[in-house]
Amino acid sequence: IDKLETELYALPDNEEKVDALLRLSEEKNYNSYEDTLRISQAAIAIAKGINYEMGIAHGLSALIKAKISVGDQNKILDLIEEEYNIYKKINNREGEVRSLVNWGAAYTLKGEYHTAMRYYFEARELNNALTDVLTSLRIKYYIGVVYYHIKEYTVAIEHFREAIPDATNVNNTKYYGDLYN
């Protein structure tokens, strides 16, 4: 992967390079927070230089995901707002849902569960029109997690149970296992 990264940086700046860097940052996200940040920031800089708004938004999403995964709250709300505004500007509903979910996750991380819930419910409403089953699964799961945090265990279990058919439909063993535990 390190050799691939070196070769990618040597390529001319274009949308394909940005997309390849973002795929690489996704791979690195599982191993190295610092690498993910570095690669995502490079992709964003290139995307800004070539006016590739979808690349900027996806780069911000990668940064946000990495920050949430390690509990880094530094500037996360500003990043999500920037991400959301780009998705809204280019009329990308899936991206808007992603931003709303990211806001929910950020507020969950901050312990502001009622605010998190507001974003998750808004994301669920918008996603219902899109019929994205994997995102629907994630939203139901995250809503269950928030209810669990506020000690509404019965409601949490209801949301987890509601997510099980989605986990089965998309064959997502990560969530399927979490839902039964």
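Residues numbered from 1 in each chain as written. Predicted model: local features only at pLDDT ≥ 70, side-chain atom pairs only at ≥ 80, totals over all residues. Heavy atoms only, no water.

Draft legend 1. Main features of the overall build of the protein chain. Within the protein chain one finds ten helices and zero strands. Starting at the N terminus and ending at the C terminus, the protein chain contains elements arranged as α-α-α-α-α-α-α-α-α-α. In terms of overall dimensions, the protein chain is globule-like: its C-alpha atoms have a radius of gyration of 17 Å, near the 16 Å expected for 181 residues. Overall, the C-alpha framework of the protein chain stretches about 55 × 30 × 30 Å when taken along its three principal axes. Within the protein chain, contacts between residues at least 6 apart in sequence are counted, and of these 52% link residues at least 24 apart. Surface summary for the protein chain: the accessible area is close to 9800 Å², and the carbon and sulfur share equals 49%. A distance of 2 Å separates the average location of the 21 positive side-chain charges in the protein chain from that of its 28 negative side-chain charges. (Helix = DSSP H or I, 4+ residues; strand = E, 2+ residues; numbered from the N terminus. Rg over C-alpha atoms; globule rule 2.2 N^0.38 Å. Contact = heavy atoms within 4.5 Å. Areas by Shrake-Rupley, 256 points an atom, 1.4 Å probe, with all protein chains shown as cover. Lys, Arg positive; Asp, Glu negative; His and termini not counted. Charge placed at Lys NZ, Arg CZ, Asp CG, Glu CD.)

Draft legend 2. Region of the structure containing the pattern of salt bridges. One pass over the structure, following the stated rule, counts eleven salt bridges. Between Glu5 and Arg38 there is a salt bridge, with the nearest N and O atoms lying 2.3 Å from each other. One end of the pair, Glu5, is in helix α1 (residues 2-10); the other, Arg38, is in helix α3 (residues 33-49), and 33 residues separate them in sequence. For Glu5, a relative accessible area of 7% corresponds to the buried category. Judged by relative accessible area, Arg38 falls into the partly exposed class, the value being 37%. Asp35 serves as the salt-bridge partner of Arg38, at 2.9 Å between the closest nitrogen and oxygen. Taken together, the residues Arg38 and Asp35, both in helix α3 and three residues apart, mark about one turn of the helix. (Salt bridge = Lys/Arg side-chain N within 4 Å of Asp/Glu carboxyl O. Buried < 20%, exposed > 50% of the residue type's maximum accessible area, 1.4 Å probe, protein only.)

Draft legend 3. Layout of the packing of aromatic side chains. Scanning the entire structure with this criterion turns up seven aromatic pairs. A ring pair is formed by Tyr148 and Tyr153, whose centres lie 5.2 Å apart and whose planes are at 65°; its orientation type is edge-to-face. Accessibility expressed as a relative area gives 40% for Tyr153, which makes it partly exposed. Grouping aromatic residues by their ring pairs yields a cluster made of Tyr84, Trp103, Tyr107 and Tyr119. (Phe/Tyr/Trp six-rings, centres within 6.5 Å; stacked < 30°, edge-to-face > 60°.)

Draft legend 4. Up close: the packing of helix α8 (residues 133-149) against helix α9 (residues 153-169). Contact pair α8 / α9: the axes reach a minimum separation of 8 Å and the direction vectors enclose 160°. On the basis of the axis angle, α8 is roughly antiparallel to α9. At the point where α8 passes α9, the crossing takes the left-handed sense. Only Tyr153, Val155, Ala156, His159, Phe160, Glu162, Ala163, Asp166, Ala167 and Asn169 of α9 make contact with α8, whose side of the interface consists of Val133, Ser136, Leu137, Lys140, Tyr141, Ile143, Gly144, Val145, Tyr147 and Tyr148. Residues belonging to the contact of α8 with α9 are distributed by class as follows: 13 nonpolar, four polar and three charged. (Axes fitted to C-alpha atoms, helices over the stretch in contact; angles between N-to-C directions. Parallel < 35°, antiparallel > 145°, perpendicular 65-115°, else oblique. Left-handed = near helix turned anticlockwise from the far one by under 90°. Nonpolar A, V, L, I, M, F, W, Y, C, P; charged D, E, K, R; others polar.)

Draft legend 5. Here's a closer look at helix α4 (residues 53-70). Taking 1.5 Å per residue, 18 residues should reach 26 Å; α4 reaches 26 Å between its end C-alpha atoms and fits that length. Gly55, Ile56, Ala57, Gly59, Leu60, Ser61, Ala62, Leu63, Ile64, Ala66 and Lys67 are the residues of α4 that are buried. Gly71 lies just past α4 and shows a positive phi near 75°. (Expected span 1.5 Å × (residues − 1).)

Draft legend 6. Just the environment of Gly95, in detail. For Gly95, the position within the fold is in helix α6 (residues 93-109). Here the alpha-carbon distance between Gly95 and Ser61, two residues 34 residues apart in the chain, equals 8.9 Å.

Draft legend 7. View of the nonpolar core. Counting 46 residues, the largest nonpolar core has Val18, Trp103 and Tyr120 as the members making the most contacts within it. Listed by contribution, the elements that provide at least two residues to this core are α2 (15-29), α3, α4, α5 (76-89), α6, α7 (113-128), α8 and α9. When residues no more than four places from it in sequence are discounted, the contact partners of Tyr120 are Val101, Gly104, Ala105, Thr108, Ile139, Tyr142, Ile143 and Val146. (Core = buried A, V, L, I, M, F, W, Y, C linked by side-chain atoms within 4.5 Å.)

Draft legend 8. Structural view of the packing of α6 against α7. Relative orientation of the contacting elements α6 and α7 amounts to 165°, with a least axis distance of 7 Å. When the axis of α6 is compared with that of α7, the two are roughly antiparallel. The handedness of the crossing between α6 and α7 comes out as left-handed. Residue-level inspection shows Arg93, Glu96, Val97, Leu100, Val101, Trp103, Gly104, Ala105, Tyr107 and Thr108 of α6 in contact with α7, the latter providing Tyr113, Thr115, Ala116, Tyr119, Tyr120, Glu122, Ala123, Leu126 and Asn127.

Draft legend 9. Spatial organisation of the confidence of the model for the protein chain. Confidence in the prediction for the protein chain averages 90 pLDDT; 93% of positions are at 70 or higher. Looking across the protein chain, the model is least confident in helix α10 (residues 173-180), with a mean pLDDT of 60, and most confident in α5, with 97. (pLDDT = per-residue confidence, 0-100.)

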